[in-house]
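# A look at the structure
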Amino acid sequence: MSVMVARKKVVRKWEKLPGRNTFCCDGRIMMARQKGIFYLTLFLILGTCALFFAFECRYLAVQLSPAIPVFAAVLFLFAMATLLRTSFSDPGVIPRALPDEAAFIEMEIEATNGTVPQGQRPPPRIKNFQINNQIVKLKYCYTCKIFRPPRASHCSICDNCVERFDHHCPWVGNCVGKRNYRYFYLFILSLSLLTIYIFTFNIVYVALKSLKIGFLNTLKETPGTYPSMSLTVLTVLEVLICFFTLWSVVGLTGFHTFLVALNQTTNEDIKGSWTGKNRVQNPYSHGNIVKNCCEVLCGPLPPSVLDRRGILQQEESTAQEGSCPRGPGAQEPLATQGPGQAQEGHSVLSPQVPATSVNNAEMPEEKQRTPGELPVPSADAGRVEH
């Protein structure tokens, strides 16, 4: 007997999300597809710190203080934690409109703008929104089919609208938005301190060695056992990496500190949203540096609206062959089915009586059956009404 069995295949929502993102760990980790520069960031941080801990830290801990490697380890762990938190989290992606929602928005726009004569350019799709007694324009996104919230923008790399969009940072492999900006700022701040720390103590290491054996002899040192290490190659390499990193990371930290103090984003600063010809004041600024910093860095963090690990169920029907014992009163099933008989996907009970779905709880106690037990046809199953 052929039985159609409906199996439910569990599909997570992150598998069907549009946009150009990659997901790992069953949707828990969300990143951009372009991750090459992010791996370079990891290599530079891990490589420089590994050289510092392996060579200079051991010498400085003996000659100066054992607190030097401890403080360096704290900065390193904090920088790595904030980097991974920035890279692996949802920056504040706004879900795209469903087909019904997009159609409703289109109807609203047509009702507002009216019929546009052929050959004329339609008016821009903009809504006015008031914030702190100031009009802010909400722009329509033709990709996501939504009116973007204030300060949101569409990232061309990730192909998503991001709430309070700051910028797309290839060094962290993700967009920087409302949900991960504070971690991005803490990352570049801690990385700046770590770079300055390693650069400073590399110079101290060279100075201490030069006082003992001379500067030229220090540079001529070859790899050996402790305390003589490969200063010529490794220490100079660390100094060069830290020197060139200082200019970019410290400068970037200063720039974002300025933006945090004004409660402004990089995207708004580049476009000149609040510093243009009209000299429009920033409606999001509290006029106080402390309040702005508290809102950006210490304010409540909104939850993700993507529901990446939500479940979408899709049914898959598979045919199985099986046989069951028949009683003396059972009849052979018909070879063909008429239009009023059992449909595909249900088991055939008898040729004349269609199978009906009865809940086990609604059956009398003597007729209830355990899961997997086949129904026993009643004595009236063989009767046929003419």
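Residues numbered from 1 in each chain as written. Predicted model: local features only at pLDDT ≥ 70, side-chain atom pairs only at ≥ 80, totals over all residues. Heavy atoms only, no water.

Before going further, it helps to examine the pairing of strand E3 (residues 29-32). Burial of the side chains of E3 extends over both faces: Ile29 and Met31 are buried on one face and Met30 and Ala32 on the other. Summarising the sheet, strand E2 (residues 21-24) and E3 pair through four bridges and their orientation is antiparallel. If you follow Phe23 over to E3, its bridge partner there is Met30. (Buried < 20%, exposed > 50% of the residue type's maximum accessible area, 1.4 Å probe, protein only. Helix = DSSP H or I, 4+ residues; strand = E, 2+ residues; numbered from the N terminus. Pairing = 2+ DSSP bridges.)

Once that is clear, we can look at the sheet that holds strand E7 (residues 146-147). Strand order in the open sheet made by the three strands is E5-E6-E7, with antiparallel pairing throughout. Each end of this open sheet is capped by a strand with a single partner; those strands are strand E5 (126-131) and E7.

To continue, consider the side chain of Asp90. Secondary-structure assignment places Asp90 in the loop between helix H2 (67-88) and strand E4 (93-94). Here Asp90 occupies a buried position and makes no salt bridge, while the nearest side chain of opposite charge, Arg179, is found at 4.1 Å. A distance of 2.6 Å separates a polar atom in the side chain of Asp90 from a polar atom in the side chain of Ser304. When near neighbours in sequence (up to four residues on either side) are disregarded, Asp90 contacts Met30, Arg179, Ser304, Leu306 and Arg308. (Lys, Arg positive; Asp, Glu negative; His and termini not counted. Salt bridge = Lys/Arg side-chain N within 4 Å of Asp/Glu carboxyl O. Polar contact = N/O pair within 3.5 Å; in protein donor to acceptor, adjacent residues only side chain to side chain. Contact = heavy atoms within 4.5 Å.)

Here H2 spans 32 Å end to end across 22 residues, near enough to the 32 Å set by a 1.5 Å rise per residue. Taken residue by residue, H2 has Ile68, Pro69, Ala72, Leu75, Phe76, Ala79, Met80, Thr82, Leu83, Thr86 and Ser87 as its buried positions. (Expected span 1.5 Å × (residues − 1).)

Residues Asn21 and Phe23 line the buried face of E2, whereas the alternating positions Thr22 and Cys24 sit on a face that is not buried. Between E2 and E3, which pair antiparallel in sequence order, lie four residues; one of them, Cys25, sits at a positive phi of approximately 55°.

Turning our attention to a nonpolar patch on the surface. On the surface, a nonpolar cluster with roughly 490 Å² of combined accessible area is contributed by Ile37, Leu40, Phe43, Leu44 and Trp171. Looking at the secondary structure, you find Trp171 in the loop between strand E10 (167-169) and strand E11 (174-176). For Trp171, a relative accessible area of 44% puts it in the partly exposed group. (Patch = residues over 30% accessible without salt bridge, like charges linked within 9 Å, V, L, I, M, F, W, Y side chains within 5 Å. Areas by Shrake-Rupley, 256 points an atom, 1.4 Å probe, with all protein chains shown as cover.)

As annotated in UniProt, the feature "transmembrane region" (unreviewed entry) corresponds to residues 37-55, 67-84, 183-208 and 228-250 in the numbering used here. Secondary structure over residues 37-55 splits into 100% helix and 0% strand, and the C-alpha atoms at its two ends are 27 Å apart. Taken end to end, residues 183-208 is 100% helix and 0% strand, and its two terminal C-alpha atoms sit 37 Å from one another. (UniProt positions renumbered as here; feature names shortened; annotations may be inferred.)

On to the environment of Thr200. By the secondary structure assignment, Thr200 is in helix H4 (residues 181-213). Residues Thr200 and Cys242, 42 residues apart in the sequence, show an inter-C-alpha distance of 9.4 Å.

What follows is about the side chain of Thr82. Looking at the secondary structure, you find Thr82 in helix H2. We classify Thr82 as buried; its relative accessible area is 5%. Within the structure, Thr82 has its side chain in polar contact with the backbone oxygen of Phe78 (distance 2.9 Å). Among the polar contacts listed, one links the side chain of Thr82 to the backbone oxygen of Ala79, at a separation of 3.0 Å. Non-local contacts of Thr82, meaning those with residues more than four positions away in its chain, are made with Tyr183, Leu186, Phe187 and Ser190.

What follows deals with the sheet that holds E4. The strand order E4-E9-E8 describes an open sheet built from three strands, whose pairing is antiparallel. Where the open sheet ends on each side, the last strands, each with one partner, are E4 and strand E8 (153-155). As defined by bridge partners, E8 adjoins strand E9 (residues 160-162) across three bridges and the pair is classed as antiparallel. Paired with Ser153 across the two strands is Val162, which belongs to E9.

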